[in-house]
Amino acid sequence: MFDDLRDLYQEVILDHGRKPRNFRRLDDPDRTARGDNPMCGDRIELFLKLGADGGIADVAFQGRGCAISTASASLLTELVKGKTAAQAHALADGFRQLAMTGTCPACEAALADDMERLQPLSGVHEFPSRVKCATLAWHTLNAALDGSKETSSE
Ligand code: ZN
């Protein structure tokens, strides 16, 4: 990877890690789930507000963790708002692939813009212990959409 691209990616992670977007509780959420990554000590709680069509009308999170887990949760909240549950699951699957292998050849064209936004986190595939930091929020999102309350990266 070119050094300037690496620097840019680093900057995105630090920015979202320090100033996470949608970092709050939602009043009266339709769904919540907690995620726990004991390997690193990352913990998040995700809140979803569903629209009449079952889509994600609003999403927010709280918790504490490393810059990667926080940045990933922050990007998640920006990307899944307005999506249907099926679209959100598809993006979560694509992101898991990206985090584990650094690329997602199977991802549909419809996900291309979102995957582009998530590229800064793709570097974790070189560090297997950090993959769980990056995917924690996405596991938690799937759990919330499926109606389960707790999830662990284990
Ligand atoms: Zn972590």
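A short tour of the structure in this document, coming up. (Residues numbered from 1 in each chain as written. Predicted model: local features only at pLDDT ≥ 70, side-chain atom pairs only at ≥ 80, totals over all residues. Heavy atoms only, no water.)

## Comments concerning the coordination of the zinc ion
- Bound to the zinc ion are the protein donor atoms C40 (SG), D42 (OD), D42 (OD), C66 (SG) and C133 (SG), situated 2.2 to 2.7 Å from the metal.
- Counting along the primary sequence, the residues that act as donors to the zinc ion give the motif C-x1-D-x23-C-x66-C. In this pair, D42 is assigned in strand β2 (residues 42-50) and C133 in helix α5 (residues 128-146), connecting sequence segments 91 residues apart. In terms of burial, D42 and C133 fall into one category: buried. (Donors = N, O, S within 2.8 Å, 3.2 Å for Na, K, Ca; no water. Helix = DSSP H or I, 4+ residues; strand = E, 2+ residues; numbered from the N terminus. Buried < 20%, exposed > 50% of the residue type's maximum accessible area, 1.4 Å probe, protein only.)

## A closer look at the pairing of strand β3 (residues 56-64)
- The sheet contact formed by β2 and β3 spans eight bridges and is antiparallel. Counted as the bridge partner of I44 is G63 from β3.
- Linking two consecutive strands that pair antiparallel, namely β2 and β3, is a turn of five residues; a positive phi of about 85° is found at G54 within it. (Pairing = 2+ DSSP bridges.)

## Points about a negative patch on the surface
- Where like charges cluster on the molecular surface, the negative patch consists of D3, D4, D7 and E11.
- With respect to the helices and strands, the residue D3 is situated in helix α1 (residues 3-18).
- Judged by its relative accessible area of 58%, D3 falls in the exposed class. (Patch = residues over 30% accessible without salt bridge, like charges linked within 9 Å, V, L, I, M, F, W, Y side chains within 5 Å. Areas by Shrake-Rupley, 256 points an atom, 1.4 Å probe, with all protein chains shown as cover. Salt bridge = Lys/Arg side-chain N within 4 Å of Asp/Glu carboxyl O. Lys, Arg positive; Asp, Glu negative; His and termini not counted. Charge placed at Lys NZ, Arg CZ, Asp CG, Glu CD.)

## Let's talk about the environment of C40
- By secondary structure assignment, the location of C40 is in the loop between β1 (31-37) and β2.
- A residue is classified by how much of its surface remains accessible, and C40, at 35% relative accessible area, is partly exposed.
- As for C40 and E108, which are separated by 68 residues in sequence, their C-alpha atoms are 31 Å apart.
- Apart from residues no more than four positions distant in its own chain, C40 is found in contact with C66, R130 and C133. (Contact = heavy atoms within 4.5 Å.)

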